[in-house]
Amino acid sequence: MEHNVIACLDDIPLIQIQRYANQSARFISAYSQGLSGSMAAWANQNQRYHGHQALPPWMAEKAKAAYA
């Protein structure tokens, strides 16, 4: 099984793994700022912020206002 997992991971391009990790980090940041799942999705997809792996506080406030 370990051999199969390694073989599957070798088939995935490194850039795709990095993008997934960055997207996950933005969701973790959104959740830590008190956003719900739908708010975090809105902040991460509709108002994309590409500067860092964390969601800036102003973006969290914007998402909360959109769902208020």
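Summarised in this report is the structure supplied together with it. Bear in mind that the values here come from a model prediction, so they are computed numbers and not experimental data. (Residues numbered from 1 in each chain as written. Predicted model: local features only at pLDDT ≥ 70, side-chain atom pairs only at ≥ 80, totals over all residues. Heavy atoms only, no water.)

1. Some words on the environment of tryptophan 42
So the rule is basically this: Starting at the N terminus, helices and strands are each numbered in turn, a helix being any DSSP run of H or I of at least four residues and a strand any DSSP run of E of at least two. Only protein chains enter the accessibility calculation, which uses a 1.4 Å probe; a residue whose area is less than 20% of its type maximum is buried, one above 50% is exposed, and one in between is partly exposed.
Considering the arrangement of structural elements, one finds tryptophan 42 in helix α3 (residues 37–45). The class of tryptophan 42 is buried, set by a relative accessible area of 16%. The sequence separation of tryptophan 42 and tyrosine 67 amounts to 25 residues, and the corresponding C-alpha distance is 9.4 Å.

2. Points about the packing of α3 against helix α4 (residues 57–66)
Stated precisely, the cut-off is as follows: Every angle, taken between N-to-C directions, lies between 0 and 180 degrees, and every axis is a line fitted to C-alpha atoms, over only the stretch in contact when it is a helix. Here is the rule for angles: anything less than 35 degrees is roughly parallel, anything more than 145 is roughly antiparallel, 65 through 115 is roughly perpendicular, and the remaining ranges are oblique. Crossing handedness follows the turn of the near helix against the far one: under a right angle anticlockwise gives a left-handed crossing, and clockwise gives a right-handed one. Two residues qualify as a contact provided that any one of their heavy atoms is within 4.5 Å of a heavy atom in the partner residue. Any residue that is not Ala, Val, Leu, Ile, Met, Phe, Trp, Tyr, Cys, Pro, Asp, Glu, Lys or Arg is counted as polar, Gly included; the first ten are nonpolar and the last four charged.
Relative to each other, α3 and α4 sit at 120 degrees, their axes nearing to 9 Å. Viewed along their axes, α3 and α4 adopt a mutual orientation that is oblique. Where α3 crosses over α4, the two elements pack in a sense that is right-handed. Residues Met39, Trp42 and Ala43 of α3 lie in contact with α4, whose contacting residues are Met59, Lys62, Ala63, Lys64 and Ala66. Its residues assigned to classes, the contact of α3 with α4 comprises 6 nonpolar, no polar and 2 charged.

3. Some points on the packing of helix α2 (residues 14–32) against α3
One can describe the packing of α2 onto α3 by two numbers: an axis separation of 9 Å at closest approach and a directional angle of 130 degrees. Our classification of the angle between α2 and α3 gives oblique. Crossing of α2 against α3: the hand is right-handed. Contacts from Gln23, Arg26, Phe27, Ala30 and Tyr31 of α2 reach α3 at Gly37, Ala40, Ala41 and Asn44. In the contact of α2 with α3, the residues fall into 5 nonpolar, 3 polar and 1 charged.

Just geometry here; none of it tells us what the structure is for.
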